[in-house]
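Descriptive structure summary
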Amino acid sequence: MDTVITMELSGGKAQKGLELAREELLRLDALLSIEGADSEIAALNRGERSELSSETLYLVETAVELSHATGGAYDCTVQPVVEAWGWYSGEPAVPDQATLKQALSLVGSDKLTLNERGVDFALEGMGLDLGGIGKGYAAGCLNRLLREAGVTSGWISLGGNIRAIGSKQGGAPWVIGIADPDDPSAYLCAVSVRDCAVVTSGDYQRCFEQDGVRLHHILDPQTGWPAQLGLRSVTVVCGDDTLADGLSTALFVMGPERAENFWRSGPYEFEAVFITGDGIRVTEGLADSFSCDRNYEVVYR
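Here's a quick rundown of the structure. (Residues numbered from 1 in each chain as written. Predicted model: local features only at pLDDT ≥ 70, side-chain atom pairs only at ≥ 80, totals over all residues. Heavy atoms only, no water.)

**A look at the overall build of the protein**
- From N to C terminus, the protein includes 8 helices and 15 strands.
- Taking 2.2 N^0.38 as the reference for a compact globule, 301 residues should give roughly 19 Å; the C-alpha atoms of the protein span a radius of gyration of 19 Å, in line with that estimate.
- Overall, the protein is about 55 × 45 × 35 Å in size when its C-alpha atoms are taken along their principal axes.
- The 301 residues of the protein split such that 53% are buried. (Helix = DSSP H or I, 4+ residues; strand = E, 2+ residues; numbered from the N terminus. Rg over C-alpha atoms; globule rule 2.2 N^0.38 Å. Buried < 20%, exposed > 50% of the residue type's maximum accessible area, 1.4 Å probe, protein only.)

See the structure below:
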């Protein structure tokens, strides 16, 4: 999962739940990791297989559907571009123009074919990266597993992915902080939620500086460059963990105006917090559960 994972569970089944959750995370990481030697995704990207398990195929199908719905703002075939930027190696740097152009030519969910057994790439060198929805999918799997194990209260944190399980003991909602992009160690605002996912994508989470320019890891699949349309962070609140994860990335890439219009007219039900360099905007469904010491605007349909 390539992140620090924290869980807090309450109730008589909590300890057993933690053990089950750890086993499930290890299983999913082995299945979906882009770098794991034995993972299905890594083997597919190496050209060693095209058939996938039903679980991995389902996640790829979900990713392709999300790509189409967001007009390509999210795209699971962005792997060659991410690799060109050096994010997998841990040594990110701006790629040269020829390398980036070649990588971009391999991006596009319309260039892959899904069948009942797996995935076929139209071009040699294409690859999948499910990082944009993988942690969300994992959080959803953990939530179902823990519920079945008898856990009724708690939360799971996988980096910027938070899953609230039920309410606090006593019935109060969970209060989930949203980081200040200018000072990620501090919270800028918060949302009070019960039994849902809260996922944040921000330009501060993974970034580096080159030639005096700060560059982050959220790449626009259309340009191959870090999305720079005015958003500093996007937080999505949604009942579906996988969808919340993918949408937080897609909305960030879209930029404020397009993201808000997508919320108004898009095919998915969710709420969001948009933080730009100029202010904070919150969709109307969060108006009563949002708290912030700074001024903010409520966005209406």
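**Observations regarding helix H6 (residues 131-148)**
- With 18 residues, H6 ought to run about 26 Å at 1.5 Å a step, and its terminal C-alpha atoms sit 26 Å apart, in line with that.
- Across the 18 residues that make up H6, a large majority, 13, are buried. (Expected span 1.5 Å × (residues − 1).)

**Describing unusual backbone geometry**
- For Asp-2, which is not glycine, the phi torsion reads 60 degrees and is therefore positive.
- Within the fold, Asp-2 resides in the segment before strand S1 (5-10).
- One non-glycine residue, Asp-211, adopts positive backbone phi at about 55 degrees.
- Counting through the fold element by element, Asp-211 comes out in the loop between strand S9 (207-210) and strand S10 (213-216).
- For Asp-211, a relative accessible area of 75% translates into the label exposed.

**A look at the pattern of salt bridges**
- The final tally for this structure, using the stated rule, is 14 salt bridges.
- Between Asp-203 and Arg-232 there is a salt bridge; the shortest N-O distance is 2.5 Å. Of this pair, Asp-203 sits in the loop between strand S8 (197-202) and S9 while Arg-232 sits in strand S11 (residues 231-238); the two residues are 29 residues apart in sequence, bridging distant segments of the chain.
- When its relative accessible area of 7% is taken as the criterion, Asp-203 is described as buried.
- Assessed through its relative accessible area of 18%, Arg-232 is described here as buried.
- Among the ionic pairs, Arg-281 bridges to Glu-260, the shortest N-O distance being 2.5 Å. With Arg-281 in strand S13 (residues 280-283) and Glu-260 in helix H8 (residues 256-265), this pair connects stretches of sequence that are 21 residues apart.
- Several salt bridges converge on common partners, so that one network encompasses Arg-147, Arg-163, Asp-195 and Asp-241. (Salt bridge = Lys/Arg side-chain N within 4 Å of Asp/Glu carboxyl O.)

**A closer look at the nonpolar core**
- In terms of nonpolar packing, the biggest core is built from 61 residues, with Leu-130, Val-236, Leu-247, Leu-251 and Phe-270 touching the most fellow members.
- If you tally residues by element for this core, the top one is helix H7 (residues 241-254), at 8 residues.
- In this structure Phe-270 touches Val-236, Val-237, Cys-238, Leu-247, Leu-251, Phe-262, Trp-263 and Arg-301, once residues within four positions along its chain are discounted. (Core = buried A, V, L, I, M, F, W, Y, C linked by side-chain atoms within 4.5 Å. Contact = heavy atoms within 4.5 Å.)

**Remarks on the sheet that holds S8**
- With mixed pairing, the 8 strands of this open sheet are ordered in space as S1-S4-S5-S8-S11-S12-S13-S15. Where the open sheet ends on each side, the last strands, each with one partner, are S1 and strand S15 (297-299). Each adjacent strand pair in this sheet contributes to an overall mean axis angle of 15 degrees, direction not counted.
- In this structure, S11 lies alongside strand S12 (residues 271-276), joined through 6 bridges in antiparallel fashion. Paired with Val-236 across the bridge in S12 is Ala-272.
- Here H7 sits on the sheet and contacts strand S5 (161-165), S8, S11 and S12; the angle it forms with S11, its principal contact strand, is near 155 degrees. (Pairing = 2+ DSSP bridges. Axes fitted to C-alpha atoms, helices over the stretch in contact; angles between N-to-C directions.)

**Description of the environment of Ile-165**
- Inspection of the secondary structure puts Ile-165 in strand S5.
- What makes Ile-165 buried here is its relative accessible area of 0%.
- Note: C-alpha distance between Ile-165 and Asn-143 (22 residues apart in sequence) is 6.9 Å.
- Apart from the residues within four sequence positions on either side, Ile-165 is in contact with Leu-9, Asn-143, Leu-146, Arg-147, Val-151, Thr-152, Ser-153, Gly-154, Trp-155, Ile-156, Trp-174 and Asp-195.

**Some thoughts on the sheet that holds strand S14 (residues 290-292)**
- Spatially, the 3 strands line up as an open sheet ordered S6-S7-S14, and their pairing is antiparallel. Strands with a single pairing partner mark the edges of an open sheet, and in this sheet they are strand S6 (174-180) and S14. Strand-to-strand twist of the sheet, defined as the mean angle between neighbouring strand axes without regard to direction, takes the value 35 degrees.
- Alignment of S6 against strand S7 (residues 183-193), held across 7 bridges, turns out to be antiparallel.

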